[in-house]
Amino acid sequence: RGHVRMHANISAIVQFLPEDLGQFARAHSQIKIDLQEHLSPDVLHAVQEGAADLGICNLGNGGNGGNGAGGGELQSRPYRSDNLMLVMPLGHALSAQEAIKFEEVLDWDIVGLHAGSSISLAMRQAAAQAGRPLRQRIQVTSLDAMCRMIDNGLGVGLLPDRAFALMQGLGRLAAVPLDEPWARRELRLVARDFDALPVTARLLVEHLTPTISPSL
């Protein structure tokens with residue numbers, strides 16, 4: 001019995017957590033999970049400050065440590081990986097390519113997530129390194145809204161591969177893998193101290209940790 005407070009970013013919530021938490025809930029019906037969606041930096045901050053027992057987010061460099069969470073040390077473990085795709089309307093000029101460099105994307109209007117999301121931060125950094133402006137005309141707060149905007153010709157956007165597969169019913173869309181080192185992302189479980197977690201939270205960590213795909 002008990003409950004676990006978890007914060008996670010949108011990529012984890014859309015792509016992986018529904019199935020993983022559903023399995024856990026069926027196996028441990030007396031444990032309640034309080035899940036909130038937040039941007040990755042906010043997930044780290046919540047765990048650091050004790051507002052959440054566990055977090056799932058993108059750490060940027062994939063290492064341990066604070067990574068923006070108030071400068072304090074956090075422990076992390078692998079959870080899942082994903083790869084970013086450039087999503088565009090079906091028949092778009094870029095849709096015939098097998099892979100695409102981000103610099104080519106900078107020629108087009110971009111539909112993006114809110115400014116603090118890990119994808120938006122990565123895009124802005126890549127544009128700055130290329131010395132070119134980022135034509136992000138529209139910002140939305142959900143992946144389904146992004147797909148609908150793209151479907152209606154308002155730009156192109158970056159989505160994780162599994163998220164795109166799950167959004168197939170939201171328009172006539174095409175996707176091309178993004179050929180950049182930062183396009184491959186690792187989602188990690190974070191905690192202040194995994195060994196010091198309550199039994200309920202440790203059970204959840206044990207359930208989530210083995211779900212890494214051997215092919216990733």
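All of the points below concern the structure found in this document. (Residues numbered from 1 in each chain as written. Predicted model: local features only at pLDDT ≥ 70, side-chain atom pairs only at ≥ 80, totals over all residues. Heavy atoms only, no water.)

A few words on the pattern of salt bridges. For the coordinates displayed, the defined rule picks out ten salt bridges. Note that aspartate 53 and arginine 5 form a salt bridge whose closest N and O atoms lie 2.9 Å from each other. On the criterion of sequence distance, the pair formed by aspartate 53 in the loop between helix 3 (40-49) and strand 3 (54-58) and arginine 5 in strand 1 (residues 2-8) is long-range, its members being 48 residues apart. Classification of arginine 5 by relative accessible area gives partly exposed; the value is 29%. Close ionic contact of aspartate 109 with arginine 137 constitutes a salt bridge, the shortest N to O distance being 3.2 Å. (Salt bridge = Lys/Arg side-chain N within 4 Å of Asp/Glu carboxyl O. Helix = DSSP H or I, 4+ residues; strand = E, 2+ residues; numbered from the N terminus. Buried < 20%, exposed > 50% of the residue type's maximum accessible area, 1.4 Å probe, protein only.)

Now for the side chain of serine 11. Topologically, serine 11 is positioned in helix 1 (residues 10-15). Polar contacts involving the side chain of serine 11 include one to the side chain of arginine 185, which spans 2.9 Å. Leave out the neighbours within four places in its chain, and serine 11 touches Phe16, Asp82, Pro160, Arg185 and Leu187. (Polar contact = N/O pair within 3.5 Å; in protein donor to acceptor, adjacent residues only side chain to side chain. Contact = heavy atoms within 4.5 Å.)

Okay, helix 6 (residues 143-151) next. For helix 6, the complete set of buried residues consists of Leu143, Met146, Cys147 and Ile150. With its buried residues spanning 100° around the axis, helix 6 presents them on a single face. Following helix 6 by one or two positions, glycine 153 has its phi on the positive side, about 80°. (Arc of directions from axis to C-beta.)

This part covers the packing of helix 2 (residues 17-27) against helix 8 (residues 199-208). As a packed pair, helix 2 and helix 8 sit with axes 10 Å apart at the nearest point and diverge in direction by 125°. With respect to their mutual orientation, helix 2 and helix 8 come out oblique. When you trace helix 2 past helix 8, the crossing you get is right-handed. Where helix 2 approaches helix 8, its residues Leu17, Asp20, Leu21, Gln23 and Phe24 are matched on the opposing element by Thr200, Leu203, Leu204, His207 and Leu208. Classifying every residue of the contact of helix 2 with helix 8 gives six nonpolar, three polar and one charged. (Axes fitted to C-alpha atoms, helices over the stretch in contact; angles between N-to-C directions. Parallel < 35°, antiparallel > 145°, perpendicular 65-115°, else oblique. Left-handed = near helix turned anticlockwise from the far one by under 90°. Nonpolar A, V, L, I, M, F, W, Y, C, P; charged D, E, K, R; others polar.)

A word on the packing of aromatic side chains. Each aromatic ring pair is summarised here by two numbers: the centre-to-centre distance and the angle between the ring planes. In the structure shown here, the tally under the stated rule is two aromatic pairs. Judged by centre distance (5.3 Å) and plane angle (75°), the ring pair of phenylalanine 102 and tryptophan 182 falls under edge-to-face. In this pair, phenylalanine 102 sits in helix 4 (residues 102-105) while tryptophan 182 sits in the loop between strand 8 (173-177) and strand 9 (184-191), placing the two residues 80 residues apart along the sequence. The exposure class assigned to phenylalanine 102 is buried, which follows from its relative accessible area of 2%. Here tryptophan 182 falls in the partly exposed class, since its relative accessible area comes to 24%. In this arrangement the basic side chain of arginine 77 is found over the ring face of phenylalanine 194, its NZ or CZ atom lying 4.2 Å from the centre. The ring of tyrosine 79 is capped by arginine 80, whose NZ or CZ atom sits 5.7 Å from the centre of that ring. (Phe/Tyr/Trp six-rings, centres within 6.5 Å; stacked < 30°, edge-to-face > 60°. Lys NZ or Arg CZ within 6 Å of the ring centre and 35° of its normal.)

A few words now on the nonpolar core. The biggest cluster of nonpolar side chains holds 21 residues, and the ones touching the most others in it are Leu17, Leu54, Ile56, Tyr79, Leu204 and Leu208. Contributions of two or more residues to this core are made by strand 1, helix 2, strand 3, strand 9 and helix 8. Counting residues per element, this core draws most heavily on helix 8, at four residues. In terms of nonpolar packing, the next biggest core, distinct from the first, is built from 19 residues, Leu94, Ile119, Met123 and Ala126 among them. (Core = buried A, V, L, I, M, F, W, Y, C linked by side-chain atoms within 4.5 Å.)

Our next topic: the environment of leucine 166. Note that leucine 166 resides in helix 7 (residues 161-166). The spacing of leucine 166 and alanine 196 is 30 residues in sequence and 36 Å in space, taken between C-alpha atoms. When residues no more than four places from it in sequence are discounted, the contact partners of leucine 166 are Val14 and Gln15.

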